[in-house]
Amino acid sequence: MKSDPVWSRRVVEWGIVTLVLVALIWTVGREARVVQGQGERVAVRATLATLRTALAIDQLVIHATAKSSAQNAKPKNPFTLLDGVPPNYAGELTLRNIYAVAPGSWVFDPDCGCVGYRLLYPEWLEPEQEADAIWFRVGAGAHGPRLSQQAEYHWFGQKLN
C-alpha cells in the first residue's frame with residue numbers, strides 16, 4: 001500500500017502554517033504585555049508627579065500664610081491635597097494590609113507616611129517586591145516636602161524616580 005504524496009505534502013504545509021501562526025500569536029501577546037507594562041509605568045510616574053506638585057503647592061501655601069511648622073510635623077496624605085482623588089485610590093491602609101487592595105490601586109499609610117501602589121504588571125519591576133507593591137515616603141527635603149522611593153526601583157531597566 002502506497003501513501004498519497006499529495007496528502008503528506010498537505011500535512012507538512014499545514015504543520016508549517018500552524019507553527020508560524022503559533023509563533024505570531026506568541027510574539028503579539030508578549031509585545032502587548034510590554035505595552036501594558038510601559039503604559040502602567042507612565043501612569044505611575046504621572047501620578048507621582050501630580051502628588052509631588054500637590055505637596056509643593058501645599059508647602060508654598062503654608063509659607064505664604066505663615067502657618068506654624070509644628071502643625072505639619074506628621075506627613076500629610078498627598079491625595080487629600082488634590083482637587084479630586086484618582087479613581088484607583090483605595091484610601092488609607094497600612095503596609096501589611098496591601099493585599100486587601102486590588103492590583104492597580106494607590107494607598108496611603110498614615111503610620112509610616114508612605115504612598116503605596118500595587119502593580120498590575122509586576123513582571124517588569126526590579127527588584128521583585130513583596131505583594132507587588134512599590135512604596136514612597138512623604139518626608140522633608142532641603143526644599144520642602146518630598147516623595148522618595150523606599151527602594152531602588154527599576155522598571156524596564158530604567159530608574160522609576
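The following paragraphs examine the structure supplied in this document. (Residues numbered from 1 in each chain as written. Predicted model: local features only at pLDDT ≥ 70, side-chain atom pairs only at ≥ 80, totals over all residues. Heavy atoms only, no water.)

Moving on to the side chain of Asp109. As for its position among the elements, Asp109 is in strand S2 (residues 106-109). One buried charged residue, Asp109, forms no salt bridge at all, with the nearest opposite charge on Arg96 at 6.3 Å. Excluding anything up to four places from it in sequence, Asp109 contacts Leu93, Thr94, Leu95, Cys114 and Trp135. (Helix = DSSP H or I, 4+ residues; strand = E, 2+ residues; numbered from the N terminus. Buried < 20%, exposed > 50% of the residue type's maximum accessible area, 1.4 Å probe, protein only. Lys, Arg positive; Asp, Glu negative; His and termini not counted. Salt bridge = Lys/Arg side-chain N within 4 Å of Asp/Glu carboxyl O. Contact = heavy atoms within 4.5 Å.)

A word on the sheet that holds strand S8 (residues 158-159). Strand order in the open sheet made by the three strands is S4-S7-S8, with antiparallel pairing throughout. Of all the strands in the sheet, the pair left with one neighbour each is strand S4 (125-126) and S8. (Pairing = 2+ DSSP bridges.)

The phi angle of most residues is negative, glycine excepted, and most peptide bonds adopt the trans form. In this structure, Pro127 follows Glu126 across a cis peptide bond, with omega equal to -10 degrees. When you line up the elements, Pro127 lands in the loop between S4 and strand S5 (133-141). Not every positive phi belongs to a glycine, and Phe156 is a case in point at roughly 55 degrees. Note on placement: Phe156 falls in the loop between strand S7 (154-155) and S8. The exposure class of Phe156 is partly exposed, given its relative accessible area of 26%.

Here we take up the environment of Gln129. Here Gln129 lies in the loop between S4 and S5. Residue Gln129 is classed as buried on the basis of its relative accessible area, which comes to 19%. Between the C-alpha atoms of Gln129 and Tyr153, which are 24 residues apart in sequence, the distance is 9.3 Å.

The side chains of a regular strand alternate, first on one face of the sheet and then on the other. Residues of S2 alternate between two faces, with Trp106 and Phe108 on one and Val107 and Asp109 on the opposite face, all of them buried. Sheet analysis places strand S1 (residues 89-92) next to S2, joined by two bridges and oriented parallel. For Glu92, the partnering residue across the bridge sits in S2 and is Phe108. As paired strands, S2 and strand S3 (residues 114-118) are joined by four bridges and run antiparallel to one another. Paired with Phe108 across the strands is Val115, a residue of S3. Here S2 folds back onto S3, and the loop between the two strands holds four residues, one of which, Gly113, carries a positive phi near 70 degrees.

A few words on the packing of aromatic side chains. This model, assessed by the stated rule, comprises five aromatic pairs. Arranged with centres 4.7 Å apart and planes meeting at 45 degrees, the rings of Trp106 and Tyr117 form a pair that is tilted. Residue Trp106 is located in strand S2, and its partner Tyr117 is located in strand S3; the two are separated by 11 residues in the primary sequence. By relative accessible area, Trp106 is classed as buried at 1%. For Tyr117, a relative accessible area of 5% corresponds to the buried category. Of the aromatic side chains, those joined through ring pairs into one cluster are Phe79, Tyr89, Trp106 and Tyr117. (Phe/Tyr/Trp six-rings, centres within 6.5 Å; stacked < 30°, edge-to-face > 60°.)

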